[in-house]
Amino acid sequence: MAKQKIYRMGEFAQRLGVSRDLIKYYEKHHILTSQREAGNQYRYYYHAQYPAIFLSRRLQNTGCSLREIEGLLNEADPAETEAATLRQIQGLERELRLKSLYLEKLRQLRPLQRQAAEGAFDGSWATGPRPALTFFPFSAYDRFLELDDADLAALADWVDATPAADFCGLVRGGTLTYGFSIPQEQAQALGLTGSGLVALPPCQAFWYAMQTPRRPLNHEVGSEAEEIALQTASALSKLAQLGLTGEEPICVFDLFESHAEGQFCYFQQVSIPLAD
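Report follows, based on the coordinates. (Residues numbered from 1 in each chain as written. Predicted model: local features only at pLDDT ≥ 70, side-chain atom pairs only at ≥ 80, totals over all residues. Heavy atoms only, no water.)

**Structural notes on the overall build of the protein chain**
Stage number 1. When you go through the protein chain residue by residue, the secondary structure sums to eight helices and 11 strands.
Stage number 2. Its C-alpha atoms give the protein chain a radius of gyration of 27 Å, more than 25% over the compact-globule value 19 Å for 276 residues.
Stage number 3. The principal-axis extent of the C-alpha atoms belonging to the protein chain is close to 90 × 45 × 35 Å.
Stage number 4. Looking at the protein chain as a whole, 36% of its 276 residues qualify as buried.
Stage number 5. At a minimum sequence separation of 6, the contacts of the protein chain that also span at least 24 residues come to 70%.
Stage number 6. Working note: accessible area of the protein chain is about 16500 Å², and carbon and sulfur atoms make up 52% of it.
Stage number 7. Each charge class in the protein chain was averaged separately, 26 positive and 34 negative side chains, and the resulting centres sit 14 Å apart. (Helix = DSSP H or I, 4+ residues; strand = E, 2+ residues; numbered from the N terminus. Rg over C-alpha atoms; globule rule 2.2 N^0.38 Å. Buried < 20%, exposed > 50% of the residue type's maximum accessible area, 1.4 Å probe, protein only. Contact = heavy atoms within 4.5 Å. Areas by Shrake-Rupley, 256 points an atom, 1.4 Å probe, with all protein chains shown as cover. Lys, Arg positive; Asp, Glu negative; His and termini not counted. Charge placed at Lys NZ, Arg CZ, Asp CG, Glu CD.)

Here it is as structure tokens:
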């Protein structure tokens, strides 16, 4: 039988269309091992090792970490590798759902940004449905809410879900709470949780676009009632002019913001449920 051919690192990498750095990286993480001959410091690799390169690249592209890849390549039990594959499938399914939601959100956002660029955003309005929403509160008007470890972990999941999840303020009973909202169906599909979740029923709503006044980051904080008025007064005034009656809870969605010249302002959509 012929002795298996071995290659020095540079040639091995070149023959496989990868970089020397990748070979070194995989060796560092125990995905590859090299041989050394007495009398020199060159690293040699067997021809039979090349499938590990392509398998590792494939696993990386599906979201596997190098630690997971190392474990899979060194695992002799097929049941363990099957379980790892299932975890990757579930992770990719969630990622694809999120990417689809991101794309939908960006398509909705672009015409609103165009309106802002043309000076036609502030004061524009429409009526239309607001879906059933799940709201995760994490901040009161002027301070963060006290969350336990489980809710802090849940908050990290909500942050990861943006922009599919919207940052918004919730006005009800004279209080203003900040958090994230997302259609209930999407919250369930993405497994978003939290102990203080608020369920907002579907409704026909009045939608009002507004740009807040520019303020410095360290501006003086007024009362909660003043902040609620700042965010809702224009929408409620327009609603009254149209002869419509609104109800709570009111949602104030932050669409995008500007920090130009040390001043910041928010471009928002106020959503007010319409009375039957």
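**Section: the pairing of strand β4 (residues 133-139)**
Note on strand geometry: in a regular strand, side chains alternate between the two faces of the sheet.
Stage number 1. Of all seven residues in β4, seven are buried; the element is thus mostly enclosed.
Stage number 2. In this sheet, strand β6 (residues 175-183) lies alongside β4 in antiparallel orientation, the contact comprising six bridges. In the strand pairing of β6, Thr 134 is matched with Ile 182.
Stage number 3. Bridge count between β4 and strand β7 (residues 198-200): three bridges; the pairing is antiparallel. Looking across to β7, one finds that Phe 135 is bridged to Val 198. (Pairing = 2+ DSSP bridges.)

**Brief notes about a nonpolar patch on the surface**
Stage number 1. A cluster of nonpolar side chains, contributed by Trp 125, Leu 242 and Leu 244, occupies part of the molecular surface with about 250 Å² of accessible area.
Stage number 2. Counting through the fold element by element, Trp 125 comes out in strand β3 (residues 125-130).
Stage number 3. With relative accessibility at 41%, the residue Trp 125 sits in the partly exposed group. (Patch = residues over 30% accessible without salt bridge, like charges linked within 9 Å, V, L, I, M, F, W, Y side chains within 5 Å. Salt bridge = Lys/Arg side-chain N within 4 Å of Asp/Glu carboxyl O.)

**Brief notes about the nonpolar core**
Stage number 1. In this structure, Phe 12, Ile 23, Tyr 26, Leu 32, Tyr 45, Ile 53 and Ile 69 are the most contacted members of the largest nonpolar core, which totals 19 residues.
Stage number 2. Of all the elements in the fold, those that place two or more residues in this core are α1 (9-16), α2 (20-28), α3 (50-61) and α4 (66-73).
Stage number 3. Tallying contributions element by element places α1 first for this core, with four residues.
Stage number 4. Of all hydrophobic cores here, the second largest spans 16 residues; its members include Tyr 102, Phe 138, Trp 158 and Ile 182. (Core = buried A, V, L, I, M, F, W, Y, C linked by side-chain atoms within 4.5 Å.)

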